Amino acid sequence: MAQKRNPAFMMGYRLYVLAFFIFLAAPLVAAGTFAFNDSLFPALPWQGFTLDWFFNDTEPKLGMFHDRRLLRGLYYSFVFATMVSLLSVFVGTCNSFLFVRVNFPYKNFFYIMMVVPLVIPGVILGISILVLASTVANGVEETFNYEIEFLRPGILLVVLGQFSFITTITSLVITARLRKFDETMEEAAFNLGASRARVLRTVTLPFLWPAMFAAGIVAFLVSFENFNTTLFLVGSEAPLTITMFDRMVKVGSTPVLNAVSFFLMVGSGLLALLSILVQRDKTET
Amino acid sequence: MQKDITRLSFILLFAPFALWIVLLIILPHIGMVIISLREKVAPRVYEFSFAQYIDFVQEPIYWNTLLRTGSMSLLVTVLALIIGFPIAYYIAKIAGKRSKGALFLLCLIPLWVSDLIRAFGWILLLRETGVISTALQKTGLVGQPVEFLYNDATVIMGLVYTVILFMIVPLVSTLDGMDDAMVEAGYNLGGNGPTVLRRIIIPYAMPGIVSGCIVVFMLTAGSYLTPILLGGKNSSWFTEQIYEQFISRYNWESGAAFGFLLLFFTSVVVWLGLKISGQTLSSTVAKS
């Protein structure tokens, strides 16, 4: 195909692809670079390299590792992301067995239902879950005069809200892997006298494990960076994205936000790399 | 005995799925619709009414915002397709084996970075005191600082940036499955570049195109951070209206009605898109 196009066209095409990747990288580079600028504002001119925005412990250049509110945000993001990824990998694994191994009526319809949460706008997921939880809590409060604390905005609602669409992602990833499983391997194990639980533990789950791990990392990252759904469900335990947004809107941008951005980019880059390595190792051997 | 076990495992596997979909998706949406269909007549007293929807129709600012959100989202979808298709084609068909994987991964990198950070990066580049404005002044192209933020073009650019990956990924996986011989055959039968593109490549890639467009459109229409941060307070995005009703005015009835309208409106657009392109949900997004 390439030979049939003229060289000028291919040259232009390559330049276009290059320009596209520069476009992709530009804002990320900008957000990361200014973390190291020795200035009170994330803007040019460049005033020299510094690590103050990470480690300095005094105002006005309070580094991110000494900023209590940012650290609290980081902690809660971590808590939410861990809970969401564990929960969504568990349900995602169940879903993959349900849709790959079991035949039941209206399976196609249910499969579409499983994918739908991914395309519902996050804002709507947030408000609808908030509305339902508050309605139930108000109803109980009025009839029994008992306040159900956990149905008010807070940790549980944030986790459920993020879980509601992240489970679709984990289900899709794990389902794709389970479809590639050769069922004769299980039959062989059964013929050798293994019990159902043992086959699951020693044959099927080890095969699925890389996909479950990768799905867990994706879930962790998506939860970590979620904003739209979390915004409506958050209580006093604000995760990092909410804290950063507050800071940006109320205080304006300072390079400490760049430092957090840099930290998050490196962290998620490493996690993404890890998930790729885990998947690659197992599929090629 | 065997039948009982099958049935038991079905129930055990179906239970988490059913709990998830019913408790977190279906019931909340029903609750949202019910709340949107009532009106506060006195403190803690509500009546069934269409007042929220009538308000929406009577207040031009509301439905203008919805139409604006919808049309700008369509524009973003089209732009993402036009800009993303050549990139996807390059990755799937032209790049060598080794660079292919690397390019695909490069495409995915922004996916792992929060919307907030991406928008923040654009702000640093585009604002009056930002990198581009400063650079333009240094080179003498402009005399005074230029503000690139807070206009529709920037919002559209930022939205295309945010969602284009969701266009490229399905396109790459569809185009990957295309046999090069099909393109060869097109040329051998006398077709030129544009004909081959229109008659062979695009029809083949249709499921990927439609799937990418659906996801991109829904994500754009439901986005909140990018329009607010790049467009300022006056970007009039419909999700801002929802947020304002819910959080600032504490008017849940109207917020729920707006939420339902956004969902309904975007679903109708997606449905129309599927009808026009002759695809179904299960042949595109929910491809098993």
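An account of the accompanying structure is given in this report. What you see is a predicted model; the values in this text were computed from it and never measured. (Residues numbered from 1 in each chain as written. Chains lettered and ligands numbered in written order. Predicted model: local features only at pLDDT ≥ 70, side-chain atom pairs only at ≥ 80, totals over all residues.)

Describing the overall build of chain A
Then comes step 1: Assigned secondary structure in chain A consists of 11 helices and 0 strands.
Then comes step 2: Mapped from its N terminus to its C terminus, chain A presents α and β elements in the order α-α-α-α-α-α-α-α-α-α-α.
Then comes step 3: The C-alpha atoms of chain A give a radius of gyration of 24 Å, which is well past the 19 Å a tight globule of 285 residues would have.
Then comes step 4: Along the first, second and third principal axes, the C-alpha atoms of chain A reach 75 × 70 × 35 Å.
Then comes step 5: Across the 285 residues in chain A, those meeting the buried criterion constitute 40%. (Helix = DSSP H or I, 4+ residues; strand = E, 2+ residues; numbered from the N terminus. Rg over C-alpha atoms; globule rule 2.2 N^0.38 Å. Buried ≥ 20, exposed ≤ 12 C-beta atoms within 10 Å, placed from the backbone.)

Digging into the nonpolar core
Then comes step 1: A:Ile127, A:Ile129, A:Ala215, B:Ala88, B:Val163, B:Ile168 and B:Val216 are the most contacted members of the largest nonpolar core, which has 143 residues in total.
Then comes step 2: When residues in this core are grouped by element, the largest group, 13 residues, is from helix α7 (residues 152-176) of chain B.
Then comes step 3: In this view, A:Ile127 contacts A:Phe232, B:Met32, B:Ile242, B:Phe246, B:Gly255, B:Ala256 and B:Gly259; residues no more than four positions away in its chain are not counted. (Core = buried A, V, L, I, M, F, W, Y, C linked by C-beta atoms within 7 Å. Contact = placed C-beta atoms within 7 Å.)

Some remarks on the environment of B:Ser36
Residues and elements named next belong to chain B.
Then comes step 1: For Ser36, the location among the structural elements is in helix α1 (residues 2-36).
Then comes step 2: According to the C-beta neighbour criterion, Ser36 is buried, with 23 such atoms within 10 Å.
Then comes step 3: Sequence separation of Ser36 and Phe258 is 222 residues, and the distance between their C-alpha atoms is 8.2 Å.
Then comes step 4: Once you skip the residues sitting within four places of it in the chain, Ser36 turns out to touch Gln52, Glu253, Ala256, Ala257 and Phe260.

Re helix α5 (residues 122-144) of chain A
Residue and element names in this part refer to chain A.
Then comes step 1: End to end, α5 covers 33 Å across 23 residues, agreeing with the expected 33 Å (1.5 Å per residue, within 8%).
Then comes step 2: What α5 keeps buried is the set Gly122, Val123, Ile124, Leu125, Gly126, Ile127, Ser128, Ile129, Leu130, Val131, Leu132 and Ala133.
Then comes step 3: At the exit of α5 stands Asn145, carrying a positive phi of roughly 55°. (Expected span 1.5 Å × (residues − 1).)

With respect to the interface of chain A and chain B
Then comes step 1: With 63 residues of chain A at the interface, the matching set in chain B holds 63 residues.
Then comes step 2: The element that contributes the greatest number of residues to the side of chain A that touches chain B is helix α1 (residues 7-33) of chain A, accounting for 11 residues.
Then comes step 3: Among the residues making up the side of chain A that touches chain B, the classes are represented as 48 nonpolar, 13 polar and 2 charged. (Nonpolar A, V, L, I, M, F, W, Y, C, P; charged D, E, K, R; others polar.)

Focus: helix α5 (residues 115-126) of chain B
All names here are of chain B.
Then comes step 1: A rise of 1.5 Å per residue sets the reference length of α5, with its 12 residues, at 16 Å; its end C-alpha atoms lie 16 Å apart and thus fit the reference within 8%.
Then comes step 2: Counted residue by residue, α5 has 11 buried out of 12 residues, so it is predominantly covered.
Then comes step 3: For α5, every residue scored as buried is listed here: Asp115, Leu116, Ile117, Arg118, Ala119, Phe120, Gly121, Trp122, Ile123, Leu124 and Leu126.

Topic: the pairing of strand β2 (residues 45-48) of chain B
Both faces of the sheet carry side chains from a regular strand, because those side chains alternate between them.
Residues and elements named next belong to chain B.
Then comes step 1: Pairing between strand β1 (residues 38-42) and β2: 4 bridges, direction antiparallel. Residue Arg38 lies in a different strand from β2, and its bridge partner there is Phe48.
Then comes step 2: In this antiparallel pair of consecutive strands, β1 and β2, the connection spans 2 residues, and Arg44 shows a positive phi of 65°. (Pairing = 2+ DSSP bridges.)

Points about the packing of α7(B) against helix α9 (residues 193-221) of chain B
All names here are of chain B.
Then comes step 1: Between α7 and α9, whose axes approach to 8 Å, the crossing angle comes to 160°. Here α9 runs roughly antiparallel to α7, going by the angle between their axes. For the pair α7 and α9, the crossing hand works out as right-handed. Across the interface between the two elements, Leu159, Val163, Phe166, Met167, Pro170, Leu171, Ser173, Thr174 and Leu175 from α7 touch Ala205, Pro207, Gly208, Ile209, Ser211, Gly212, Val215, Val216, Leu219 and Thr220 from α9.
Then comes step 2: Residues belonging to the contact of α7 with α9 are distributed by class as follows: 13 nonpolar, 6 polar and no charged. (Axes fitted to C-alpha atoms, helices over the stretch in contact; angles between N-to-C directions. Parallel < 35°, antiparallel > 145°, perpendicular 65-115°, else oblique. Left-handed = near helix turned anticlockwise from the far one by under 90°.)

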